[in-house]
Amino acid sequence: MISHVLESTYQRYAAKRPVSKRLHMDARSVLPSGTTRSVLDFDPFPFTVASAAGCLLTDVDGHEYLDYLGDYSVGLAGHNPQAVRQAVAAVLDDGWSFGTVAAEEAEVARMLCERFDSLDLVRFTSSGTEANLVAISLALKWSGREKVLVFDGGYHGGFLSFSRGRPSLNVPVDAVLCDYNDLDSVRAAFDQWPEQIGCVLVEPMLGSGGRIQSVPGFLAGLRKICDEQGAVLVFDEVQTSRMSYGGAQGLLGVHPDLTTMGKYLGGGFGFGVVGGAERILLQIARGQQPSYDHSGTFNNNRFSVSASAAMLKSVLTRESLDALFQRGEQLRGQADAQLREYGFQATGWGSLIGIHPTDIPVARTSDLADADRRPIELLFHELLDRGIYTGKSGFVTLSLPQTPETDARFLEALESSLQVVARACR
Ligand SMILES: Cc1ncc(COP(=O)(O)O)c(C=O)c1O
């Protein structure tokens, strides 16, 4: 039954979006499946956006959507935030791509080091993926070891995705795969490869792997194991740094050796940050023994760094981040209550929410492996039909321009969409 309902949903979707459809068909002749990000590729085709403002998207066929995807957390400040516009306008006036340094670089670095206790020094990159590649390289050089311990469902970028049964274009990392929220599997890995694991790379909450929160004690346990075993602990806070002024680590009081960030921090421009303990970061300082080069033409892209300075100075205040976190906790609680009536649930933390078509407790990605994903796809389309844009896999990401009124509209749309999904699943 649900397959038939999905088929007619695709037809209805396509009929309402002739311009998006034509643009998509054109794009397919030059882009694999018509997009440049696999995560944006959904059936029957993604709609093309013409303009965006605040938390509103308008597509080329004239449909408006409340944006509850927030570009998978890039859009924390919403679309076209004033502070970023001004920073970008100033760059347009003064110039960019200097081939030397600009003053905002140290300014951004200083603001980050002040916020995050574990950061002594930072380096910029073009993306979160690159930040993680630098973090892994620094950790392995520092430890003199070769293996990287990662978790099933861990997503650290387009070339660093570690999920059993989900193939990806990974760089050849010598990865040891453990189960999230399972310290025993981590201890067993260190026992199996003594003095070979140089780096433990972990998200404080599994992001793309299902928005699954770490259980109390898991991250602190990793800290202890890394100290005992002489491995470098890396927190990938590309998504979770939004949890508080000092990131997830500030909220939980667990300090890694290295941290990576990106996404919203560049105000919508490509950006990544890797930072942490001076002793490890100094490996890329000139004149150290040994010393490694780390270059990247766009590491100090002036648009990204200036946008980041504006974000840190006037958008990402203690108050705004705390309020966003609280609103997220509240919305997740309300959504979860509705979802449970239909055998679904909402997982997540703060302003990052995942909707799943099962009510069994979820502590790791494999807990979701047997769930039929089609109800989530139908829910996504039903929400879209009601003018709410979420992630195709059930991801909901809050942004600052949303209000209690838009949240109420979201919950209302969720309820009526769930009724349709429940009927289709009978
Ligand atoms: C936790 C995490 N790390 C790293 C990345 C990669 O960042 P980017 O897409 O900027 O390379 C992502 C992107 O989704 C992410 O969610």
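Owing to the predicted nature of the structure, the values given are computational and were not obtained by experimental measurement.

Draft legend 1. Representation of the side chain of Thr406 within the structure. Of note, Thr406 is situated in helix H14 (residues 404-425). Sequence-distant contacts of Thr406, defined by excluding residues within four places in its chain, comprise Cys55, Leu66 and Tyr68.

Draft legend 2. Examining the state of the cysteines more closely. Tallying each qualifying case throughout the model produces 0 disulfides. Left unpaired, Cys113 is separated from the closest cysteine sulfur, that of Cys199, by 20 Å. Overall, Cys113 belongs to the partly exposed group, its relative accessible area being 22%. With no disulfide of its own, Cys199 has Cys226 as its nearest cysteine by sulfur position, at a separation of 8.1 Å. Take Cys199: its relative accessible area is 0%, and that puts it in the buried class.

Draft legend 3. Broad picture of the environment of Ala87. Inspection of the secondary structure assignment puts Ala87 in helix H4 (residues 82-94). With 218 residues separating them along the chain, Ala87 and Val305 place their C-alpha atoms 9.5 Å apart.

Draft legend 4. Quick peek at the pairing of strand S8 (residues 175-178). Only one face of S8 is buried, namely the one carrying Val176 and Cys178, since none of Ala175 and Leu177 on the opposite face is buried. Pairing of strand S5 (residues 147-151) with S8 involves 4 bridges; the strand directions are parallel. From the neighbouring strand, Val148 faces S8, where its bridge partner is Ala175.

Draft legend 5. The packing of aromatic side chains, seen in detail. Across all of its chains, the model carries 15 aromatic pairs by this definition. Pairing Tyr13 with Phe42 gives two aromatic rings, centres 6.0 Å apart and planes at 75°, and the pair type is edge-to-face. In this pair, Tyr13 sits in helix H1 (residues 2-15) while Phe42 sits in the loop between helix H2 (18-28) and strand S1 (49-53), placing the two residues 29 residues apart along the sequence. Tyr13 sits in the buried class, given a relative accessible area of 3%. Residue classification places Phe42 among the buried positions, given a relative accessible area of 7%. Taken together, the ring pairs in this structure connect Tyr13, Phe42, Phe45, Phe47, Tyr65, Phe380 and Tyr389 into an aromatic cluster. Positioned above the aromatic ring of Tyr13, the side-chain terminus of Arg17 is 4.0 Å from the ring centre.

Draft legend 6. Here's a closer look at the side chain of Arg327. Mapped onto the elements, Arg327 comes out in helix H12 (residues 318-340). If we skip the residues at most four places from it in the chain, Arg327 touches Leu398, Ser399, Gln402 and Asp407.

Draft legend 7. How the structure looks around the domain arrangement of the protein chain. On domain assignment, one finds that the protein chain holds domain 1 (2-76 + 318-425) and domain 2 (82-315). When the buried area of domain 1 at its contact with domain 2 is split by residue, Trp349, Leu352 and Arg364 rank highest and sum to 29% of it. At the boundary of domain 1 with domain 2, the tally comes to 0 salt bridges. Summed over the shared surface of domain 1 and domain 2, the result is 14 residue pairs in polar contact (both at pLDDT 80 or more). Listed by contribution, the elements that provide at least two residues to the side of domain 1 that touches domain 2 are helix H3 (70-73), H12, strand S15 (345-349), strand S16 (352-356) and strand S18 (395-397). When residues in the side of domain 1 that touches domain 2 are grouped by element, the largest group, 5 residues, is from H12. Each residue belonging to the side of domain 1 that touches domain 2 can be placed in one class, and the counts come to 16 nonpolar, 11 polar and 2 charged.

Draft legend 8. Representation of unusual backbone geometry. In this structure, the amide linkage connecting Asp43 to the following residue, Pro44, adopts the cis form with an omega of 0°. Considering the arrangement of structural elements, one finds Pro44 in the loop between H2 and S1. Geometrically, the link from Gln289 to Pro290 is a cis peptide bond, its omega value of -10° lying close to zero. Although it is not a glycine, Ser73 adopts a positive phi angle of roughly 95°.

About the criteria used
- Residues numbered from 1 in each chain as written.
- Predicted model: local features only at pLDDT ≥ 70, side-chain atom pairs only at ≥ 80, totals over all residues.
- Heavy atoms only, no water.
- Helix = DSSP H or I, 4+ residues; strand = E, 2+ residues; numbered from the N terminus.
- Contact = heavy atoms within 4.5 Å.
- Disulfide = S-S within 2.5 Å.
- Buried < 20%, exposed > 50% of the residue type's maximum accessible area, 1.4 Å probe, protein only.
- Pairing = 2+ DSSP bridges.
- Phe/Tyr/Trp six-rings, centres within 6.5 Å; stacked < 30°, edge-to-face > 60°.
- Lys NZ or Arg CZ within 6 Å of the ring centre and 35° of its normal.
- Domains from an automatic or database assignment.
- Buried area = accessible area lost by both parts, 1.4 Å probe.
- Salt bridge = Lys/Arg side-chain N within 4 Å of Asp/Glu carboxyl O.
- Polar contact = N/O pair within 3.5 Å; in protein donor to acceptor, adjacent residues only side chain to side chain.
- Nonpolar A, V, L, I, M, F, W, Y, C, P; charged D, E, K, R; others polar.

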